[in-house]
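# Topology and contacts: notes
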Amino acid sequence: MKDQTKKLDDITARLRHTQRVLHTSEENYRQLVENADCIILRLDTAGKITYFNEYAQTFFGYTEQEILGKNMVGTIVPKTDTEGRNFTKIEIKIKRHPEQYMAYERENLCKDGRRVWVVWANKLIRDPQKKITEILCVGHDITHRRQLEKEILEITERERKLIGQEMHDSIGQVLTGVAIKSKGLALKLKGKSPGDAKSAEVITRLANQAIAQMRDLARMLYPIDIETGGLVSALQT
């Protein structure tokens, strides 16, 4: 009887120890997730938010009471992005094929209306029968990076336009002048000096070829029409 009582006491002690360890582990995990320097949230299969860590609350401006149970579309995901794409349709695709959207960048929406960019890494949570029950989402703010990329793109585009315009307004006009002069010279020399006239015609042809090549390069940099005014079309005969 005493042996059985001792065994029961030992089992009870081990269970209590296990419970303490589990409680400590859960508390450590909760602290880790809550204090993580990234967005962590969980979604159910309908796209409703079931967990929203403190960083996410600070980042998006929502409290737990305001966001839990709400669909992510219309709260932290805009129904339509700045390019006019409908995110409601995209979310339907994600729900149907979540495995195809494990990592992606997305425009998100804060409570105060600010548009931000987040890179998301998602993990499907399955039950013992392998059925998807939740989606764990971890996000990092890349708004500053996207803004820098946009600024670099705008600067590059401006430089392309300036180079294209310079080619058209300066180099193009010089070549056009050369072609006009050489064509006129060829006409004057045609009856007097056939050899020199032929050389002038060659210069005219080379100038026109250079104008055509320059025009193509300018259009690649900036969609302008170098033939404005009819100079090139008049020369290329």
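Bear in mind the structure is a predicted one, so any value in this text is a computation, not a measurement.

### Quick word on the overall build of the chain
On a plain count of helices and strands, the chain comes out with seven helices and five strands. When the helices and strands of the chain are read in sequence order from the N terminus, they spell out α-β-β-α-α-α-β-β-β-α-α-α. For the chain, the residues scored as buried account for 30% of the 237 residues in total. Once local pairs closer than 6 in sequence are excluded, the contacts in the chain between residues at least 24 apart make up 46%.

### Observations regarding the confidence of the model for the chain
For the chain, per-residue confidence averages 77 on the pLDDT scale, and residues scoring 70 or more make up 76% of the total. The low-confidence segment residues 226–237 (pLDDT under 50) makes 23 contacts with residues lying over four places distant or belonging to another chain.

### A closer look at a nonpolar patch on the surface
Judged by side-chain polarity, Val 174, Val 178 and Ile 203 come together as a nonpolar surface patch covering roughly 240 Å² of accessible area. Locating Ile 203 in the fold gives a position in helix α6 (residues 194–221). Residue class for Ile 203 comes out partly exposed when judged on its relative accessible area of 43%.

### Details of the pairing of strand β3 (residues 103–109)
Burial analysis of β3 places five of its seven residues in the buried class, the great majority of the element. Note that β3 and strand β4 (residues 115–126) share seven bridges and pair antiparallel. Across the sheet, the residue bridging to Tyr 104 is Trp 120, located in β4. Counting the residues in the hairpin turn of β3 and β4 gives five residues, including Gly 113, whose phi is positive at 95°.

Cut-offs applied
- Residues numbered from 1 in each chain as written.
- Predicted model: local features only at pLDDT ≥ 70, side-chain atom pairs only at ≥ 80, totals over all residues.
- Heavy atoms only, no water.
- Helix = DSSP H or I, 4+ residues; strand = E, 2+ residues; numbered from the N terminus.
- Buried < 20%, exposed > 50% of the residue type's maximum accessible area, 1.4 Å probe, protein only.
- Contact = heavy atoms within 4.5 Å.
- pLDDT = per-residue confidence, 0-100.
- Patch = residues over 30% accessible without salt bridge, like charges linked within 9 Å, V, L, I, M, F, W, Y side chains within 5 Å.
- Areas by Shrake-Rupley, 256 points an atom, 1.4 Å probe, with all protein chains shown as cover.
- Salt bridge = Lys/Arg side-chain N within 4 Å of Asp/Glu carboxyl O.
- Pairing = 2+ DSSP bridges.

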